[in-house]
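# Chain and residue survey
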Amino acid sequence: MKKKRTISDIIVTLIMTVMALTFVYPIFMVLINSFKANTSISTDSVFQLPDEASFVGLKNYVYALEAKGFFDSFIYSLFITVSSVLAICICCSMCAWFITRVKGVISSALYYLFVFSMVVPFQMVMFTLSKTADKLDFNTPWNIWIIYLGFGAGLAVFMFTGFMKTIPLEIEEAAMIDGCNPLQTYFKVVMPMLKPTMVSVAILEAMWVWNDYLLPTLVLDIKEYQTIPMLIQTSFKGGYGRVEMGAMMACIMLTVIPIVIVYLLGQKHIIKGVAAGAVKG
Amino acid sequence: MQEKVIKRYWPIFVIPTLGAFAIGFIWPFIQGVYLSFCSFTTIEKNKWVGLDNYIRALGLDKDFKDPSPLTDSLWFTVAFAIVSIVLINVIAFIFALVLTRGLKGTNIFRTIFFMPNLIGGVVLGYIWKVLINCVLLLVGEPLLALNSTAGFWGLIILMVWQQVGYMMIIYIAGLQSIPESLIEAAQIDGATSMQTLFKIKLPMVMSSITICVFLTLTNSFKLFDQNMALTNGDPANSTTMLALNIYKTFYDRIGASWKGLGQAKAVLFSILVIGISLIQLKATRSKEVQQ
């Protein structure tokens, strides 16, 4: 019995290894092409490794960073993601606490409104939202987080209220009897207990904001500010359908590398957080 | 007692989120519903046209020609959803079964399979566009821009690659929650591994299956970034899915009639997605009662 298992285990491991390699291959393909000269990346030579004639070293990366403004885009994307996630985590958890602790028609109406917003697809509001944001001047990377807070509130409030229903009231009551006002109670007692849910919400919202293409395209002033997905979509197209492939591949690599690093560092939390979000959502 | 004290603090606790929510969702949503009954180019310049936009969106206006009818996109999306639901869930479940066997390197496999999930749709779309075009050229088929069959299967491959890891994680969690004693008891009673799979493991993870099926279903219906980056609807709007159809109706055409039509399509699309979510809610609720 035991011996039979080891043989089948080896076969299964081999198959899984092949699968894993095919999963990694597309990224590897981007990597090898990012070192080739533009002219050497024709559609039929994508699979070839760079040779002496086509190898250009880091030229594509330098070009993407300098001429295409990758660095600016990176800063915009980073700022938008961090500010939006912070705003969502703090404001929505406070709102969720209020909704669960203060019972009444208004609270439950708000709750269902948030849940409803989670389901509605973005295309429903994209035109009117971008016009509203323009009118209120929420169209720079520095204040677009207000829009993300509004549109991301649904999922966050939903996940926070789900968790808050399970934590015992007594701890908060004790704190309030000891003389804490609701703000102190919230920040000193409730918020520390929320940490696991906070991590899940932060990861889910960060993945969404960082990769979001449509909302920033419609809301931001495209000529002035481009987030990374916008840069990849718009910046490498020359005239007559020509694409600057080398620089684009380098740019994709520069986008993927930070994601992979963050993922490998926080793998446990990320996988757990995403799974928790899926089960609740 | 506490409730009253907390209630007095409502401006601090509720206003920030509610204010942003009003700007980011409630107000645009109300305007959106209203504008779907109008002909407009900006929000202010609108003219009430009643149900005209809806009649056109559903293809009932014989005198009106829409280059990408909503119904075409609906069928394409439905076909895409069916194929991707089956493929993603079957592959993810097999991966989950293998990775719960205690093999060496399980963690590495899990890490690799999950990774594509974190990469954004636009980036994924371009990576696969390059790859698929190269394969098509080598086998002598027309490229993606002229080949709707390749566009369909390209989208499927892309979405399988992206989502298998995610669903696999949910299935692994489901499989690990099956009590060990249950499987051991079955083995002692002489059940083969196939029997344990179909008679014990599958029924025990039914709730995970429901979650994953609906996740893949809503993901397929809401798909936008990948669709835009990989095929952008080419050739001739034959690979345009619902979300991209609405976007193109809004922004790729010039004239007063298109934005109203786009908004009406968006309302219909929302009703469809909300409907799916309600069915999902019902399905998961009834599962909970059984357990």
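Residues numbered from 1 in each chain as written. Chains lettered and ligands numbered in written order. Predicted model: local features only at pLDDT ≥ 70, side-chain atom pairs only at ≥ 80, totals over all residues. Heavy atoms only, no water.

### Re the domain arrangement of chain A
All names here are of chain A. Domain boundaries assigned for chain A yield domain 1 (1-67 + 239-266) and domain 2 (73-235). Put simply, the middle of domain 1 and the middle of domain 2, counted by C-alpha atoms, are 34 Å apart. In this assembly, seven residues from domain 1 lie in contact with seven residues from domain 2. The junction of domain 1 with domain 2 conceals about 480 Å² of combined surface from both sides, 77% of it contributed by carbon and sulfur atoms. Three residues stand out in domain 1 for area buried against domain 2, namely Cys251, Thr255 and Ile259, and they jointly supply 56% of the buried area on that side. Inspection of the domain 1/domain 2 interface yields zero salt bridges. At the surface where domain 1 touches domain 2, the tally comes to zero residue pairs in polar contact (both at pLDDT 80 or more). (Domains from an automatic or database assignment. Contact = heavy atoms within 4.5 Å. Buried area = accessible area lost by both parts, 1.4 Å probe. Salt bridge = Lys/Arg side-chain N within 4 Å of Asp/Glu carboxyl O. Polar contact = N/O pair within 3.5 Å; in protein donor to acceptor, adjacent residues only side chain to side chain.)

### Overview of empty space enclosed by the protein
Under the definition given, this model contains two cavities of 30 Å³ or more. There is about 60 Å³ of room inside the largest cavity. If you trace the largest cavity, you find it lined by Trp210(A), Asn211(A), Ile228(A), Pro229(A), Thr255(A), Ile259(A), Ile119(B), Gly120(B), Gly121(B), Val122(B) and Val123(B). For the lining of the largest cavity, the elements supplying multiple residues, two or more each, are α9 (195-211), α11 (228-234) and α12 (245-265) of chain A together with α6 (121-138) of chain B. Considered class by class, the residues forming the lining of the largest cavity number seven nonpolar, four polar and no charged. Here the second largest cavity is characterised by a volume of approximately 50 Å³. Contributing elements (two or more residues each) for the lining of the second largest cavity: α3 (70-101) and α9 of chain A. (1 Å grid on protein atoms, 1.4 Å probe; cavity = no way out; pocket = protein on both sides within 12 Å on 5 of 7 lines; lining within 4 Å. Points joined across faces, edges and corners; volume = space filled by probe spheres on them. Helix = DSSP H or I, 4+ residues; strand = E, 2+ residues; numbered from the N terminus. Nonpolar A, V, L, I, M, F, W, Y, C, P; charged D, E, K, R; others polar.)

### Some details on the nonpolar core
Soluble globular proteins tend to pack their nonpolar side chains together in the buried interior. Residues Phe122(A), Phe160(A), Ile232(A), Ile252(A), Phe113(B), Phe114(B) and Met168(B) are the most contacted members of the largest nonpolar core, which totals 188 residues. It is helix α7 (residues 148-176) of chain B that contributes the most residues to this core, 17 residues altogether. If near-sequence neighbours (up to four positions away) are discounted, Ile252(A) is found in contact with Val30(A), Ile232(A), Val123(B), Tyr126(B) and Ile127(B). (Core = buried A, V, L, I, M, F, W, Y, C linked by side-chain atoms within 4.5 Å. Buried < 20%, exposed > 50% of the residue type's maximum accessible area, 1.4 Å probe, protein only.)

### Looking at the environment of Ile147(A)
Along the polypeptide, Ile147(A) turns up in helix α6 (residues 145-164). Overall, the relative accessible area of 0% leaves Ile147(A) in the buried class. Here the alpha-carbon distance between Ile147(A) and Trp97(A), two residues 50 residues apart in the chain, equals 21 Å. Beyond its immediate chain neighbours, meaning those up to four positions away, Ile147(A) contacts Leu129(A), Ala133(A), Phe138(A), Leu215(A) and Ile23(B).

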